[in-house]
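These are the residues of each chain, in order.
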Amino acid sequence: MYSEKVMEHFANPRNVGEIPDANAVGQVGNAKCGDIMKMYMKIEDNVIKDVKFKTFGCGAAIATSSMATEMVKGKTVDEALKLTNKAVMEALDGLPKEKIHCSVLAEEAIQSAINDYRRRNGEDVPEDKEYTCEH
Amino acid sequence: MDNNATTSLKKEVLDAMIPYYTDIYGNASSKFYKVGRDAEQALYKMRESVAKSINAPNVNEIYFTGSGCEADNWAVKGAAMANRKKGNHIITTKIEHHAILNTCEYLERHGFEVTYLDIDEYGFVTPEQVESAIKDTTILITIMTANNEIGTIEPIKEIAEVAKRHKVIFHTDAVQAIGHMKIDVKDLGVDMLSLSAHKFHGPKGVGMLYIRNGIRIDNLIHGGGQERGKRAATENLAGIAGLAKALEIAVTDLDKNVAHCKKMRDRLIKGIRDNIPYCRLNGPEDEGRMCNNANFSFQYVEGESILMMLDMNGIAASSGSACASGSLDPSHVLMAIGLPHEIAHGSLRLSVGEDTTEEDVDYVVSVLPSVIQRLRDMSPLYEGVE
């Protein structure tokens, strides 16, 4: 069902946890649908110095969170915003069709955290969308 | 730890099957030569054995099918089609297996009306609920003997009395129950009963429908004259031999197995409760719970992740979470007992069997708390809970 890469990231997820002095925090998904991703970032000079995540969800939700955090760590905010769910999926050697929404959540979680950072810096960023279980 | 899903094939059962793949390969319908007649005679003996095992008064009330699912489909569609001049109303519950629920939904699309009875927080339906749902147009009541997810044992005998009083056909899906409780069709008073061999250490791909003499249902599978013209297809003699043998053993060893499963189940439930906070047992506490089933919800975590981590530790289990089932909603059974979505997503079904040992149970109890803790430590819902 899952690729070896997905299993490996599920078994040994990278960047799990919180960042106490994070200056960017984003959360997407909802408990009713069965998956929530929360991303913490420490951004300095527009570069993501550190990123951590907490996820409630299935194996794919945990693996995509892990992979997405790895992919944006050390990147600039603009580079991180370009991360697509497709890139996360490819990095994990694919996902089963019914799990693609997990990679979408991972992409959105990154964006949500960065949007939070921008809001904190006085930028005019629209609110995150409401989540419904139509993945 | 997933014996509600399937069970291992017993050596004695396999031994009983092999002759029908080798020497006695005849078609039970080919009566004009010896190997065919041998098959026919063997089939009669198997039918006799099954009738005896479930205490069916007549051998010709036993009909072999290709699965428990087929038996359920046949019972419901067959009774509906044969009685549609009398009425179009069917009564069932919200927690039936999909073999019943999806069949009922299919019939709704073809003009039948179905009442899906609510169940209480433990999964029980009452005979009174059934009685008050009966209308002039009711032609069939179908309610499972025991629930496959949360182990609730329904009051089948009492419901059968209600059905009888109102002259409505009563079918019960006993697929999960066989081998875990006494099943006596005469004592229960049911008109039809389904079972599936692989749930009690028999082979996959063979089931049975008991149809009490006098109950008329349409065919599901049309073709040749097998099963007294009621179910076409060359008999799966080896499979039926396996079903008959497995059932015979299940009935003989019933008391011993029930006692063993109960002991393992209770050890498991106690071990989990003592070691994992924020968990709830889904289904009845003890009375009215199947001897082999334990179903828990663990707050703040998701079921598929639990299954994957258990699998990495060599433990096979099952979950009612949406992710685990590949659908958007968690299990219909967990929804029906009133669990909120997020609690249902964190469900885990562990089902023991006669070959489950105390060591197996203790191993699960040693692994599960750390699995749940690890996932909770990863879960944003758990923040601030500790």
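Sequence order sets the numbering: in each chain, residues are counted from 1 along the sequence as written. Here every chain gets a letter starting at A, and every ligand a number starting at 1, in the order they are written. The model is predicted, so local features are restricted to residues of pLDDT at least 70 and side-chain atom pairs to those at 80 or more, both for listing and for counting; the totals for chains, interfaces and linings are taken over all residues.

Asker: For the overall build of chain B, give the residues involved together with the corresponding values.
Answerer: Within chain B one finds 14 helices and 10 strands. Relative to its length of 386 residues, chain B is compact, with a C-alpha radius of gyration of 22 Å against a globular reference of 21 Å. As a rule, residues whose C-beta atom has 12 or fewer other C-beta atoms within 10 Å are exposed, those with 20 or more are buried, and those in between are partly exposed; C-beta atoms are placed from the backbone. Across the 386 residues of chain B, 53% fall into the buried class. Pairs at least 24 apart in sequence give 71% of the contacts found in chain B among residues at least 6 apart. The helix and strand labels rest on DSSP assignments: H or I over at least four residues marks a helix, E over at least two residues marks a strand, and numbering proceeds from the N terminus. The quantity called the radius of gyration is restricted to C-alpha atoms. Its globule counterpart is 2.2 Å times the number of residues to the power 0.38. By definition, residue pairs are in contact when their C-beta atoms, positioned from the backbone, come within 7 Å.

Asker: Can you break down the environment of B:Ser305 residue by residue, with the values?
Answerer: Inspection of the secondary structure puts B:Ser305 in helix H10 (residues 303-312). Along the backbone, B:Ser305 and B:Val371 are 66 residues apart, and their C-alpha atoms lie at a distance of 9.1 Å. With residues near it in sequence (within four places) discarded, B:Ser305 still touches A:Cys58, A:Gly59, A:Ile62 and B:Leu375.

Asker: Just give me the short version of the confidence of the model for chain A, but keep the residues and values in it.
Answerer: Overall, the predicted model of chain A reaches an average pLDDT of 89, with 98% of residues at or above 70. pLDDT is a per-residue confidence score from the predictor, ranging from 0 to 100. Within chain A, strand E3 (residues 47-56) of chain A carries the highest mean pLDDT (94), whereas helix H4 (residues 85-91) of chain A carries the lowest (88).

Asker: A description of the packing of helix H3 (residues 68-82) of chain B against helix H4 (residues 98-108) of chain B should follow, citing residues and the corresponding values.
Answerer: Residue and element names in this part refer to chain B. In contact at an axis separation of 9 Å, H3 and H4 are set at 30 degrees when each is read in the N-to-C sense. With respect to their mutual orientation, H3 and H4 come out roughly parallel. Taken as a pair, H3 and H4 cross one another with a handedness that is right-handed. Contact with H3, carried on its side by Gly68, Cys69, Asp72, Asn73, Val76, Lys77 and Ala80, involves Ala99, Ile100, Thr103, Cys104 and Leu107 of H4 and no other residues of that element. Tallied by class, residues from the contact of H3 with H4 come to seven nonpolar, three polar and two charged. Simply put, an axis is a line fit to the C-alpha atoms, just over the touching stretch for a helix, and the angle between two N-to-C directions goes from 0 to 180 degrees. When an angle is under 35 degrees it counts as roughly parallel; over 145 it counts as roughly antiparallel; between 65 and 115 it counts as roughly perpendicular; any other value is oblique. Whether a crossing is left-handed or right-handed is set by the direction in which the near helix is turned from the far one by less than a right angle, anticlockwise for left-handed and clockwise for right-handed. Side-chain classes follow a simple rule in which Ala, Val, Leu, Ile, Met, Phe, Trp, Tyr, Cys and Pro form the nonpolar group, Asp, Glu, Lys and Arg form the charged group, and the remainder, Gly included, forms the polar group.

Asker: So what's going on with the pairing of E3(A)? Residues and values would help.
Answerer: Residue and element names in this part refer to chain A. Between any two strands, at least two bridges found by DSSP are needed for them to pair. In this structure, strand E2 (residues 35-44) lies alongside E3, joined through nine bridges in antiparallel fashion. Residue Glu44 lies in a different strand from E3, and its bridge partner there is Val47. The turn linking E2 back onto E3 is made up of two residues, and Asp45 within it adopts a positive phi angle of 50 degrees.

Asker: Describe the sheet that holds E2(A), naming the residues involved and giving the relevant values.
Answerer: All names here are of chain A. A sheet is described by the order of its strands in space; here three strands give the open sequence E1-E2-E3, paired in antiparallel fashion. This sheet does not close on itself; its edge strands, each paired only once, are strand E1 (24-30) and E3. Adjacent strand axes in the sheet meet at a mean angle of 15 degrees, parallel and antiparallel pairs treated alike. Relative to the sheet, helix H2 (residues 59-72) contacts E2 and E3, its axis offset from that of E3 by approximately 175 degrees. Contacts from helix H5 (residues 100-120) reach E1 and E2, with the element oriented near 145 degrees to E1.

Asker: Outline the interface of chain A and chain B, listing residues and values.
Answerer: Tallying the contact residues gives 19 residues for chain A and 20 residues for chain B. Elements supplying a minimum of two residues to the side of chain A that touches chain B: helix H1 (4-11), E2, E3 and H2 of chain A. A per-element tally of the side of chain A that touches chain B places E3(A) first, with three residues. For the side of chain A that touches chain B, the class distribution of residues is 10 nonpolar, five polar and four charged.

Asker: Talk me through the nonpolar core; I want residue IDs and the actual numbers.
Answerer: Residues and elements named next belong to chain B. Ranked by internal contacts, the top residues of the largest apolar core, which has 153 residues, are Met208, Tyr210 and Ile306. Among the elements that take part in this core, helix H8 (residues 237-252) stands out by supplying 11 residues, more than any other. Each of domain 1 (11-252) and domain 2 (254-382) gives at least three residues to this core. Aside from chain neighbours lying at most four places away, what touches Ile306 is Phe298, Val301, Ser319, Leu348, Val371, Ile372 and Leu375. Joining buried Ala, Val, Leu, Ile, Met, Phe, Trp, Tyr and Cys residues through C-beta atoms within 7 Å gives a set, and that set is a nonpolar core. In this entry, domain limits derive from an automatic or database-based domain assignment.

Asker: Can you lay out H10(B) for me, pointing to particular residues and giving the numbers?
Answerer: Residues and elements named next belong to chain B. With eight of 10 residues buried, H10 lies mostly within the body of the structure. Buried within H10 are the following residues: Gly303, Glu304, Ser305, Ile306, Leu307, Met308, Met309 and Leu310. The first or second residue beyond H10 is Gly314, which carries a positive phi of 80 degrees.

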